[in-house]
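# Inside the fold
This is what each chain is made of:
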Amino acid sequence: MPRLHALELLPDAAGDESVRRDWQALHDAGLPSQLDHRGTTNGPHLTLVTAPALGPDDDERALALLAPLLPVEVRVAGVALLGGSRVTVARLVDVPDEVVRAVLDLRREVDDTQHPGWLPHVTLGRRIPRADVPAALAVLGHADVVLRLDTLRRWDPDASVVRTLAGSTPPAPR
């Protein structure tokens, strides 16, 4: 499977901390958590598009479409389970219509996107055994959270480079 390039939105420091609390809750319960991912680029984010390659035109298009909309407040609500016998647990994100339109416009122009459509979510844990889903739901709770997304970034796995395209400098990985 090729490593995928990505364009992402990042939360401000308060939002970053909010998502990391969920990561910590899963970790403390002995469940797989994004906290366990030690990659230097790992941090709370909302993926806009992934593809085997993204070019400078894609970066420019993302800047033109999304930078004018930042910062934007989104509501993180509900929990989604993605996958089969082992699932990804994620919080769904309610995104304002103008951001949805901008993301769909961006995705329409990117070649070879990895998923049709767009399901806005923040990943909390991957490869959680389906039998452990009740425990994961119990530790995550049910409160909705408002995140302020203020940074657009680009991940290039081929060069191992993360570049801030717009907004503030993201918090350092822990």
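This write-up is about the structure you can find in this document. This is a predicted model, so every value here is computed, not measured.

Going through the model one piece at a time under the given rule, you end up with 11 salt bridges. The shortest N-O distance in the salt bridge between aspartate 59 and arginine 163 comes to 2.5 Å. Placement of aspartate 59 in helix H2 (residues 56–66) and of arginine 163 in strand E7 (residues 161–167) is noted, with a sequence separation of 104 residues between them. The residue aspartate 150 makes a salt bridge to arginine 148 at a minimum N-O spacing of 3.8 Å. Taking the relative accessible area as the measure of exposure, aspartate 150 reaches 12% and is therefore buried. Here the salt bridges do not stand alone but share partners, grouping Asp12, Arg148 and Asp150 into one network.

The next thing to look at is the environment of arginine 163. Taking relative accessible area as the criterion, arginine 163 reaches 41% and is therefore assigned partly exposed. Distance from arginine 163 to leucine 152, taken between C-alpha atoms, is 8.7 Å for residues 11 residues apart in sequence. With residues near it in sequence (within four places) discarded, arginine 163 still touches Asp59, Leu152, Arg153 and Arg154.

Burial analysis of strand E2 (residues 46–51) places five of its six residues in the buried class, the great majority of the element. Both strand E1 (residues 5–11) and E2 contribute to a ladder of five bridges, which runs antiparallel. Following the sheet pairing, alanine 6 is matched in E2 by threonine 50.

Here eight bridges tie strand E3 (residues 72–83) to strand E4 (residues 86–94), and the two strands are oriented antiparallel to one another. Paired with leucine 82 across the two strands is threonine 88, which belongs to E4. Counted along the chain from E3 to the antiparallel partner E4, the turn is two residues long. Relative to strand E5 (residues 121–129), E4 runs antiparallel, the two sharing six bridges. Residue pairing in the sheet places valine 89 in a bridge with glycine 125 of E5.

Bringing a nonpolar patch on the surface into the picture now. Where nonpolar side chains cluster on the molecular surface, the patch consists of Val79, Leu81 and Leu137 and spans about 190 Å² of accessible area. Its place among the elements puts valine 79 in strand E3.

A separate point is the environment of arginine 86. Examined against the element boundaries, arginine 86 turns out to sit in strand E4. Residue arginine 86 is classed as partly exposed on the basis of its relative accessible area, which comes to 49%. Placed 49 residues apart in sequence, arginine 86 and alanine 135 show a C-alpha to C-alpha distance of 14 Å. Side-chain polar atoms of arginine 86 contact the backbone oxygen of arginine 127, separated by 3.1 Å.

Thresholds, definitions, all that
- Residues numbered from 1 in each chain as written.
- Predicted model: local features only at pLDDT ≥ 70, side-chain atom pairs only at ≥ 80, totals over all residues.
- Heavy atoms only, no water.
- Salt bridge = Lys/Arg side-chain N within 4 Å of Asp/Glu carboxyl O.
- Helix = DSSP H or I, 4+ residues; strand = E, 2+ residues; numbered from the N terminus.
- Buried < 20%, exposed > 50% of the residue type's maximum accessible area, 1.4 Å probe, protein only.
- Contact = heavy atoms within 4.5 Å.
- Pairing = 2+ DSSP bridges.
- Patch = residues over 30% accessible without salt bridge, like charges linked within 9 Å, V, L, I, M, F, W, Y side chains within 5 Å.
- Areas by Shrake-Rupley, 256 points an atom, 1.4 Å probe, with all protein chains shown as cover.
- Polar contact = N/O pair within 3.5 Å; in protein donor to acceptor, adjacent residues only side chain to side chain.

Keep in mind that these numbers describe shape and distance, not what the molecule does.
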